[in-house]
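Fold and geometry: a report
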Amino acid sequence: MYITSLWPERAALGLSKHVYKALINNLTTPFESLEQAQSFWDEGACQLIHINPSELSMLDELQWLCMTEPDFIDVLAGYSLHCRITNDIGGGLFILIKNN
């Protein structure tokens, strides 16, 4: 399990270029630029968790809600990205998990 509150970096996540590009495209879609997305990530207190399916039992209550009752789920190149909004300005918890 990898948890970060910083803007997600490919090397730290251990993702292929293809999957990482899909993730970043998803995170930047609501914004006009990468810089705006990164700024919002910091201001919105966003968090990303990259887990393997075998690690689901390690999730805390909020993380489990993100998996079971997300505000949205997107499929990204063999992975699912679950998001649960966690504050009034729209920041959220994102969980990236490989599809079986």
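So, a few notes on the structure that sits alongside this text. Bear in mind the structure is a predicted one, so any value in this text is a computation, not a measurement. (Residues numbered from 1 in each chain as written. Predicted model: local features only at pLDDT ≥ 70, side-chain atom pairs only at ≥ 80, totals over all residues. Heavy atoms only, no water.)

Description of unusual backbone geometry
Filter applied, for reference: Only DSSP runs of H or I covering at least 4 residues are called helices, and only runs of E covering at least 2 are called strands; the numbering of each starts at the N terminus.
Its identity is not glycine, yet Ala45 carries a phi of approximately 55°, on the positive side. Structurally, Ala45 is set in the loop between helix H3 (34-43) and strand E2 (47-51). Positive phi outside glycine occurs at Ala77, with the angle close to 45°.

Topic: the pairing of strand E4 (residues 79-85)
How we decide: Burial classes follow relative accessibility: with a 1.4 Å probe on protein chains only, a residue under 20% of its type's maximum area counts as buried, one over 50% as exposed, and anything between as partly exposed. In this scheme, strands are said to pair when DSSP sees at least two bridges between them.
In terms of residue burial, E4 counts as a mostly covered element, since five of its seven residues are buried. Here strand E3 (residues 72-76) pairs with E4 via five bridges, running antiparallel. Bridge pairing links Phe72 to Cys83 in E4. Linkage of E3 to E4, two consecutive antiparallel strands, is achieved through a turn of two residues, within which Ala77 is found at a positive phi near 45°. Note that E4 and strand E5 (residues 92-98) share seven bridges and pair antiparallel. Among the inter-strand pairings, Arg84 is bridged to a residue of E5, identified as Leu93. Linkage of E4 to E5, two consecutive antiparallel strands, is achieved through a turn of six residues, within which Gly90 is found at a positive phi near 100°.

A word on a nonpolar patch on the surface
Worth spelling out the cut-off: A patch is a set of surface residues, each over 30% in relative accessible area and not in a salt bridge, joined within 9 Å for like charges and within 5 Å for the nonpolar side chains Val, Leu, Ile, Met, Phe, Trp and Tyr. Under the convention used here, a 1.4 Å probe and the Shrake-Rupley method define accessible areas, while residue burial counts only the protein chains that appear. Each salt bridge in this description consists of a side-chain nitrogen of Lys or Arg and a carboxyl oxygen of Asp or Glu lying within 4 Å of one another.
A cluster of nonpolar side chains, Met1, Ile3 and Met58, forms an exposed patch at the surface whose accessible area comes to about 280 Å². In this structure, Ile3 sits in strand E1 (residues 2-4). For Ile3, a relative accessible area of 40% corresponds to the partly exposed category.

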